[in-house]
Amino acid sequence: MNKEQFMQAAGISQPLADKWYQVVVDAMKEFGIDTPKRQAAFIAQIGTESNGFRAVQESLNYSVNGLQIFGSRLTSAQREQLGRKPGELALSPSRQASIANIVYGGRYGNNQNGDGWKYRGRGLKQVTFKDNYDNCGKALGLDLVSDPDLTLTDNNAARSAGWFWKANNCNQFADAGDINGLTKRINGGFNGLQDRIDRTRKAEAVLL
């Protein structure tokens, strides 16, 4: 896969292709994402996760209605209190942190006050939760528990996505063409499923 093919498969601009091509190719090689079908699925899924390779840190700038994505983890009163109201441009960092600490707190190693915000999604895959940062860091040779922002560099953003893919046996879903199963493994649900399907078809049209 050359840079032009990557740009077309990912549906991104030339500057974004220049930024991401080499580190993504290196990450795919490191973590065994080694067939056109696997590569198409990987590019598609991290494309959705990273908002088209434009974001490597999770935004919790949700409207009141948008917070419904977290289901029962937030009460209607909490959504009303914390969500972005009509006319507000963006939530303050403190309100975004409050959302993260509620929806991500108390699970997967997030046991301390503030862990939800500290271990919010980062990297092209949006690695989330302290346990995942711990495991990812051990695999990459980085202390991500102490400094989760290390996943924000281009190289580590791509490598952390590759680590997650391998650690969660995502190749088996890619090999089977099971976009639903792959999405559930990556997302925990089916958020953005149609976008993931569309991106997979686009990438496959270029790479297969």
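Scroll up to find the structure.
Analysis parameters
- Residues numbered from 1 in each chain as written.
- Predicted model: local features only at pLDDT ≥ 70, side-chain atom pairs only at ≥ 80, totals over all residues.
- Heavy atoms only, no water.
- Helix = DSSP H or I, 4+ residues; strand = E, 2+ residues; numbered from the N terminus.
- Rg over C-alpha atoms; globule rule 2.2 N^0.38 Å.
- Buried < 20%, exposed > 50% of the residue type's maximum accessible area, 1.4 Å probe, protein only.
- Contact = heavy atoms within 4.5 Å.
- Areas by Shrake-Rupley, 256 points an atom, 1.4 Å probe, with all protein chains shown as cover.
- Lys, Arg positive; Asp, Glu negative; His and termini not counted.
- Charge placed at Lys NZ, Arg CZ, Asp CG, Glu CD.
- Salt bridge = Lys/Arg side-chain N within 4 Å of Asp/Glu carboxyl O.
- Axes fitted to C-alpha atoms, helices over the stretch in contact; angles between N-to-C directions.
- Parallel < 35°, antiparallel > 145°, perpendicular 65-115°, else oblique.
- Left-handed = near helix turned anticlockwise from the far one by under 90°.
- Nonpolar A, V, L, I, M, F, W, Y, C, P; charged D, E, K, R; others polar.
- 1 Å grid on protein atoms, 1.4 Å probe; cavity = no way out; pocket = protein on both sides within 12 Å on 5 of 7 lines; lining within 4 Å.
- Points joined across faces, edges and corners; volume = space filled by probe spheres on them.
- Expected span 1.5 Å × (residues − 1).
- Bend = angle between axes of the 7 residues up to and from the residue.

Colleague: Describe the overall build of the protein chain, listing the residues and the values that go with them.
Modeller: What the protein chain contains, in helices and strands, is 11 helices and 0 strands. The helix and strand sequence of the protein chain, counted from the amino end, reads α-α-α-α-α-α-α-α-α-α-α. For the protein chain, the C-alpha radius of gyration of 17 Å lies close to 17 Å, the compact-globule estimate for 208 residues. Judged by the C-alpha coordinates and their principal axes, the protein chain covers about 50 × 35 × 30 Å. Counting all 208 residues of the protein chain, 47% fall into the buried class. Of the contacts formed within the protein chain by residues at least 6 apart in sequence, a portion of 55% connects residues at least 24 apart. For the protein chain, the computed accessible surface area is about 9800 Å², with 46% contributed by carbon and sulfur atoms. Positive and negative side-chain charges of the protein chain, numbering 26 and 21 respectively, have mean locations separated by a distance of 3 Å.

Colleague: Before we move on, can you summarise the pattern of salt bridges with the specific residues and values?
Modeller: Tallied over the full model, the rule gives 12 salt bridges. For Lys3, the salt bridge goes to Asp18, with nearest N and O atoms at 3.1 Å. Here Asp18 lies in helix α2 (residues 14-30) and Lys3 lies in helix α1 (residues 3-10), a separation of 15 residues in the sequence. Linking Glu204 and Lys37 is a salt bridge whose minimum nitrogen-to-oxygen distance equals 3.7 Å. Separated by 167 residues along the polypeptide, Glu204 in helix α11 (residues 193-207) and Lys37 in helix α3 (residues 36-49) bring together distant segments of the chain. Connected through salt bridges with shared partners, the residues Asp34, Arg38 and Asp175 form a single ionic network.

Colleague: Account for the packing of α3 against α11, with residues named and values stated.
Modeller: At their nearest, the axes of α3 and α11 sit 8 Å apart, and the two run at 140° to each other. When the interaxial angle is binned, α3 and α11 end up oblique. Our pair here, α3 against α11, has a crossing hand that is right-handed. Listed contacts from α11 to Pro36, Lys37, Gln39, Ala40, Ile43, Ala44, Gln45, Gly47, Thr48 and Glu49 of α3 are Asp195, Arg196, Arg199, Thr200, Ala203, Glu204 and Leu207. For the contact of α3 with α11, the class distribution of residues is 6 nonpolar, 5 polar and 6 charged.

Colleague: Tell me about the layout of surface pockets, and name the residues and values.
Modeller: If a probe the size of a water molecule is rolled over the atoms, the empty space left behind becomes visible. Approximately 1100 Å³ is the volume attributed to the largest pocket. Considering the residues around the largest pocket, the lining is formed by 33 residues, among which Glu49, Tyr104, Thr128, Asn187 and Asn191 are closest to the centre. Top element by residues in the lining of the largest pocket is helix α10 (residues 179-187). It accounts for 3 residues. Tallied by class, residues from the lining of the largest pocket come to 11 nonpolar, 15 polar and 7 charged.

Colleague: Which residues make up empty space enclosed by the protein, and what values go with them?
Modeller: Inspection of every chain in the model, using the stated rule, returns 2 cavities of 30 Å³ or more. Roughly 50 Å³ of internal volume is contained in the largest cavity. In this structure, the largest cavity is lined by Lys37, Ala41, Phe173, Ala174, Gly177, Asp178, Ile179, Leu182, Thr200 and Glu204. Only α3, α9 (170-176), α10 and α11 provide two or more residues apiece to the lining of the largest cavity. In this structure, the second largest cavity occupies an estimated 40 Å³ of space. Around the second largest cavity, the lining residues are Phe42, Gln45, Ile46, Glu49, Lys125, Ala161, Phe164, Trp165 and Ile186. Listing elements by their share of the lining of the second largest cavity, those giving two or more residues are α3 and α8 (154-167). Sort the elements by how many residues they give to the lining of the second largest cavity and α3 lands first, with 4 residues. Class assignment for the residues of the lining of the second largest cavity results in 6 nonpolar, 1 polar and 2 charged.

Colleague: If you had to explain α2 to someone new, which residues and values would you point to?
Modeller: Its 17 residues place the ends of α2 24 Å apart at the C-alpha level, agreeing with the 24 Å of an ideal helix rising 1.5 Å per residue. The axis of α2 is deflected most strongly, by about 40°, at Trp20. Those residues of α2 that sit buried are Leu16, Ala17, Trp20, Tyr21, Val23, Val24, Ala27 and Met28. Contact partners of the buried residues in α2: α1, α3 and α8. Two residues or fewer after α2 comes Gly32, characterised by a positive phi angle close to 70°.

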